[in-house]
Number of protein chains: 2
Amino acid sequence: MEKILVVDYGSQYTQLLAKRIRDLGVFSEVVQFDDNISFNDVKGIVLSGGPDSVYDIDAPDISDEILNAELPILGICYGMQLMAKKLGGKVEQRGIAEYGKTKITITDQSLLFKKIPSTFNVWMSHKDMVTQVPEKFKITSLTSNNIISSFENETENIYGIQFHPEVRHTEFGIDILKNFVHGICGLKGSWTLMDFVENKIKEIRDTIGDKKAIIALSGGVDSSVAAVLTHRAIGNNLKAIFVNHGLLRMNEVEEVESTFRDYMGLNLTTVDAQERFLSKLKRVTDPEQKRKIIGEEFIRVFEQEAKKEKDCEYLIQGTIYSDVIESAKSGKKTFKIKSHHNVGGLPEDIDLKIVEPLKELFKDEVRSVGEILGLPREILYRHPFPGPGLAIRIIGEINEEKLTILKKVDSIFIKTLKETGWYDKVWQAFAVLIPVKTVGITGDKRSYGYVAALRSVDSVEGMTADWSKIPFEILDVVSSRITNEVEEITRVVYDISSKPPATIEWE
Amino acid sequence: MEKILVVDYGSQYTQLLAKRIRDLGVFSEVVQFDDNISFNDVKGIVLSGGPDSVYDIDAPDISDEILNAELPILGICYGMQLMAKKLGGKVEQRGIAEYGKTKITITDQSLLFKKIPSTFNVWMSHKDMVTQVPEKFKITSLTSNNIISSFENETENIYGIQFHPEVRHTEFGIDILKNFVHGICGLKGSWTLMDFVENKIKEIRDTIGDKKAIIALSGGVDSSVAAVLTHRAIGNNLKAIFVNHGLLRMNEVEEVESTFRDYMGLNLTTVDAQERFLSKLKRVTDPEQKRKIIGEEFIRVFEQEAKKEKDCEYLIQGTIYSDVIESAKSGKKTFKIKSHHNVGGLPEDIDLKIVEPLKELFKDEVRSVGEILGLPREILYRHPFPGPGLAIRIIGEINEEKLTILKKVDSIFIKTLKETGWYDKVWQAFAVLIPVKTVGITGDKRSYGYVAALRSVDSVEGMTADWSKIPFEILDVVSSRITNEVEEITRVVYDISSKPPATIEWE
């Protein structure tokens, strides 16, 4: 498959850049600047921006392999400065840092600026700047401060731009990327997710053959799409296991069973491990310990189920592209699978080969694949739900009584958000049980009840988050419904903390 | 002092009725229907509405003393029905209950409707209705349903109206009350708070003479105004005692001292009892026990201080009119002083005579008196603060660390409300410390901190309350300031519970 490589220098926009290229119908892949790169099928290279200065002692470098690959290169911001320095130009820090919107003017013809007006607004964020271009390079645009905003050597197919074309604030940014990808790199832009699904089903069939595979279905988007995709390829040779650890939301078990067994036709086994988990969690109050116990117990349950399957050779995992990039970024240069959907460190003696059918896809692409496969909207667009489930949404010790209360509260909150159209507007919403007792009035006397906290956040990828500005009238309805319908709750609060400094989940 | 008696039959508007009459410059006093009434200085009687039906077995009655007092009487709603029945008319329940706005038409001349249009909207809420007026009475208006909305016997000076003139929704309601009070009762309306202050200072001076008096100053509106008023009367013979129990807000001790000792010139003693209270509260988690310990300890501290004063014969208390009415209403027919400002049951052996200089005044009148006396706005318009202070705003056990955290959080919240003009818009606002630890991010690592809850409510008299709809931008600023400036807090929530079912305070 023909593709563009995006070399990551640590910009917060690297994934966005890769995504924009895919949206142009060209498959793209993110690699770290010091990865060992295979140039098979690569038709062009984009160097991302990054937080460093090229003069920093540990400044990330560009490998000779890239420079000598004879492929078109587009350097953005740090990527541009790095090439300028590397090829004999000059980069300086002049104290006139530019942040935000700036107007640039095209000063010389360029394939990169084909069919684009001669003056337009771009978005930049830099302190360093290229003050002299390398030999045989020409300046193609300047900012209103007369700073070099792009240069190139058309013969060698090397282009540099100081601004970020991937950001919406840059006018004609998509057109510039299109000029590079379609024009300069000569890619047709025919990659589609339909092709992806067809190819992937074939690929899975080729890999697994008539052997058996197993998947831990969590009910979340990624494992659901991975399961259904694999089921299309190998049918009932895929066994899906859904572990009911008792920390799930109201009616969740029934919903997962009806969707995947009845509607999608999967070979699904639900393991009722509620008592097992609850007894292990008795008297445990420390969040980290809760997570650890649940994670370990999950593996043990899954392992037992897996062993029941004779001839099972493959384990399917719902790892997606951002997991892969994050794992790679986290400092370990060896490829590390992120502990995912609770199937973190599977014990050695299971000895299953891992298949990750979604590992090239971004989250929204995973959703589109789900749509192509006919998965219901409620599964594809549901909010993220943590592996340890409600256990980390009850502060302190967990017991059945508290779980029952929290399930009711959470279901009222989510139901109201769906009724009012707010569920799809927020990134994630849920309820938390604070086990402190505060005063309320029931009839004419004082009563003590728990506090329910509502959490809802807006986010793009979950790394940072704002608390959602859900209208007061809706919060009011949710609050009244909860105190009316759940007698153990006398008080409702709304979390107004952003991430950072708070996290999205409470524990 | 000439006055109007308002006889209370349990209407929620009784106090409002008394207030409206005072606003017409006529002193008014609320009495319960079965009180022993003194008619000294009384120039007219208003019978309030009430929830009962005149045919209920225990229906509150009207005494012959009132009927025979030869004073003008105005019966409102239940008061009208009661007179109709008592004097030989007919009251029935016809199933055409009227609630809310109704149009009435004047059908006969009446002093009550002098200078009022012949048709106007009134506000009613009744099931029973007068269907036949007593002998020698005439109907003076009808509703659009042809129900009798007023009757009278001008000779005997007895008037009845089915609607509520004290409610804003009744057009010309104030004019009708004015026609009764100024016109029919012949009162000039010259009562002012200026007169009140002058007379009261004289009265206190006459009562206390050159003896000494003591007051427990809490920094709240009522005790502040009572202290300053008494100080005007007897100067430094009033000793004000301010008990610092360590459960006060940030800088509160300094503010009280500078206001009352330095600015108002009071003879003020601050008792530093912080350690005493904190050691008594050690390991106490039950809210009711906290309140009890603080109340009892307060009395003990105050008692010790009082005993140091030789020849002290009087105790000044900031009881106000609504306290008096509430105490009287609470079922005890004997007059009972409401446990106020922590000086509830003073021990017998102190043997001080109690003086309550504000007991005839409503809250807003107390504030006006404070303004006349030159008390600063910050004291007069500050939000209510509970006797047990911050002790009931830290859930569970109290210690110095938590008090320090809560003081910082509370002061940030209040400061921001003042800066944005919201402090004066809400009834009461404060912070609560929830001692559960939740996750946050500090730098790049997980950290555990407390949760701060913000509470702000809109209310008229504190009996019911809505959570305040403080704009999101302001809540956002408060939340960031708190997590930035108070490192022990990683998460901020906003209380979205109304009273009922929650209470305003958390414990």
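None of these values were measured; they are calculated from a predicted model.

S.K.: Tell me what's going on with the packing of helix α8 (residues 274-281) of chain B against helix α9 (residues 287-308) of chain B, and back it up with residues and numbers.
M.R.: All names here are of chain B. Two elements in contact, α8 and α9, have axes whose closest approach is 10 Å; the angle formed by their N-to-C orientations is 150 degrees. The orientation of α8 relative to α9 falls into the category roughly antiparallel. Crossing handedness for the pair α8 and α9: right-handed. Contacts from Arg276, Phe277, Lys280 and Leu281 in α8 reach Lys290, Ile293, Ile294, Glu297, Phe298, Arg300, Val301 and Gln304 in α9. Looking at the contact of α8 with α9 residue by residue, the classes come out as 6 nonpolar, 1 polar and 5 charged.

S.K.: So, the relation of the copies chain A and chain B: which residues are in play, and what are the values?
M.R.: Its rotation angle being 178 degrees, the transformation that places chain A on chain B also includes 0.3 Å of axial translation and leaves an RMSD of 0.4 Å. Accordingly, the operation relating the two chain copies is best matched by a two-fold axis. Of all interface residues in chain A, 100% are interface residues in chain B too; the two copies therefore contact each other through one and the same surface.

S.K.: So what's going on with the packing of aromatic side chains? Which residues, and what values?
M.R.: All names here are of chain A. Enumeration according to the criterion identifies 25 aromatic pairs over all chains in this entry. Judged by centre distance (5.4 Å) and plane angle (85 degrees), the rings of phenylalanine 137 and phenylalanine 151 are edge-to-face. Taken as a pair, phenylalanine 137 in the loop between β6 (119-132) and β7 (138-143) and phenylalanine 151 in strand β8 (residues 148-153) lie far apart in primary sequence, 14 residues in all. A centroid spacing of 5.3 Å and a plane angle of 85 degrees characterise the contact between tyrosine 321 and phenylalanine 362, whose relative ring orientation is edge-to-face.

S.K.: Could you give an account of the environment of A:Ile241, with specific residues and numbers?
M.R.: Residue and element names in this part refer to chain A. On the secondary structure map, isoleucine 241 appears in strand β11 (residues 238-244). Considered as a pair, isoleucine 241 and glycine 219 are 22 residues apart in the sequence and their alpha carbons are 11 Å apart. If we ignore the near neighbours within four places in the chain, the residues touching isoleucine 241 are Ile214, Ile215, Ala216, Leu217, Thr269, Val271, Phe302, Glu305 and Ala306.

S.K.: Now, about the UniProt feature "binding site: ATP" (unreviewed entry) in chain A: what can you tell me, with residues and values included?
M.R.: All names here are of chain A. Sites flagged by UniProt as "binding site: ATP" (unreviewed entry) map to Ser218, Gly219, Gly220, Val221, Asp222, Ser223 and Ser224. Within the secondary structure, valine 221 is located in helix α6 (residues 221-234). Residue classification places valine 221 among the buried residues on the basis of a relative accessible area of 6%. Setting aside residues no more than four positions away along its own chain, valine 221 makes contact with Val366, Arg367, Ile379, Leu380 and Arg382. Secondary-structure assignment places serine 223 in helix α6.

S.K.: Tell me about the side chain of B:Glu297, residues and numbers included.
M.R.: All names here are of chain B. Position of glutamate 297 relative to the elements: it lies in helix α9. Here glutamate 297 falls in the buried class, since its relative accessible area comes to 3%. Leaving out residues up to four positions away in the same chain, glutamate 297 has contacts with Arg276, Phe277 and Lys280.

S.K.: Go over the pattern of salt bridges, please, and point to the residues and values.
M.R.: A full pass over the atoms with the stated rule returns 57 salt bridges over all chains. The partner of A:Arg455 in a salt bridge is A:Asp495, with the nearest N and O atoms 3.3 Å apart. Placement of A:Arg455 in strand β16 (residues 445-458) and of A:Asp495 in strand β18 (residues 489-495) is noted, with a sequence separation of 40 residues between them. Residue A:Arg455 shares its accessibility class with A:Asp495, and that shared class is buried. For B:Arg300, the salt bridge identified is with B:Glu296, shortest N-O distance 4.0 Å. Of this pair, B:Arg300 and B:Glu296 are both found in helix α9, 4 residues apart, which corresponds to roughly one turn of the helix.

S.K.: Account for the interface of chain A and chain B, naming residues and giving values.
M.R.: Contacts between the two partners involve 42 residues from chain A, matched on the other side by 42 residues from chain B. Note on chain A versus chain B: buried area summed over both sides is about 3500 Å², and carbon and sulfur give 65% of it. The interface formed by chain A and chain B contains 2 salt bridges. Residue B:Asp495 pairs with A:Arg491 through a salt bridge whose shortest N-O separation is 2.8 Å. Inspection of the region where chain A meets chain B yields 19 residue pairs in polar contact (both at pLDDT 80 or more). For the side of chain A that touches chain B, the secondary-structure elements that each account for two or more residues are α9 (287-308), β15 (428-442), β16, α14 (472-485) and β18 of chain A. If one sorts the elements of the side of chain A that touches chain B by residue count, β15(A) sits on top with 7 residues. Of the residues contributing to the side of chain A that touches chain B, the split by class is 23 nonpolar, 7 polar and 12 charged.

S.K.: Residue-level account of the confidence of the model for chain A, with values.
M.R.: Residue and element names in this part refer to chain A. Averaged over every residue, the pLDDT of chain A is 90; the share at 70 or more is 94%. Taken together, the stretch residues 330-345 has pLDDT below 50 and engages in 34 contacts with residues farther than four places along the chain or on a different chain. For this predicted complex, the interface confidence reaches an ipTM of 0.77, while the overall pTM sits at 0.78.

S.K.: Let's hear about the sheet that holds strand β12 (residues 267-272) of chain B: which residues, and what values?
M.R.: Strands belonging to one sheet form pairs held by backbone hydrogen bonds; the direction of such a pair is parallel or antiparallel. All names here are of chain B. One open sheet accounts for 5 strands, arranged β12-β11-β10-β13-β14; its pairing is parallel. Since the sheet does not close on itself, it has two edges, and those belong to β12 and β14 (353-355), each with one partner. Neighbouring strand axes in the sheet, compared pairwise and without regard to direction, differ in orientation by 30 degrees on average. Two elements, strand β13 (residues 312-316) and β14, share 3 bridges in a ladder whose sense is parallel.

Parameters and conventions
- Residues numbered from 1 in each chain as written.
- Chains lettered and ligands numbered in written order.
- Predicted model: local features only at pLDDT ≥ 70, side-chain atom pairs only at ≥ 80, totals over all residues.
- Heavy atoms only, no water.
- Axes fitted to C-alpha atoms, helices over the stretch in contact; angles between N-to-C directions.
- Helix = DSSP H or I, 4+ residues; strand = E, 2+ residues; numbered from the N terminus.
- Parallel < 35°, antiparallel > 145°, perpendicular 65-115°, else oblique.
- Left-handed = near helix turned anticlockwise from the far one by under 90°.
- Contact = heavy atoms within 4.5 Å.
- Nonpolar A, V, L, I, M, F, W, Y, C, P; charged D, E, K, R; others polar.
- Least-squares fit on C-alpha atoms with pLDDT ≥ 70 in both.
- Phe/Tyr/Trp six-rings, centres within 6.5 Å; stacked < 30°, edge-to-face > 60°.
- UniProt positions renumbered as here; feature names shortened; annotations may be inferred.
- Buried < 20%, exposed > 50% of the residue type's maximum accessible area, 1.4 Å probe, protein only.
- Salt bridge = Lys/Arg side-chain N within 4 Å of Asp/Glu carboxyl O.
- Buried area = accessible area lost by both parts, 1.4 Å probe.
- Polar contact = N/O pair within 3.5 Å; in protein donor to acceptor, adjacent residues only side chain to side chain.
- pLDDT = per-residue confidence, 0-100.
- Pairing = 2+ DSSP bridges.

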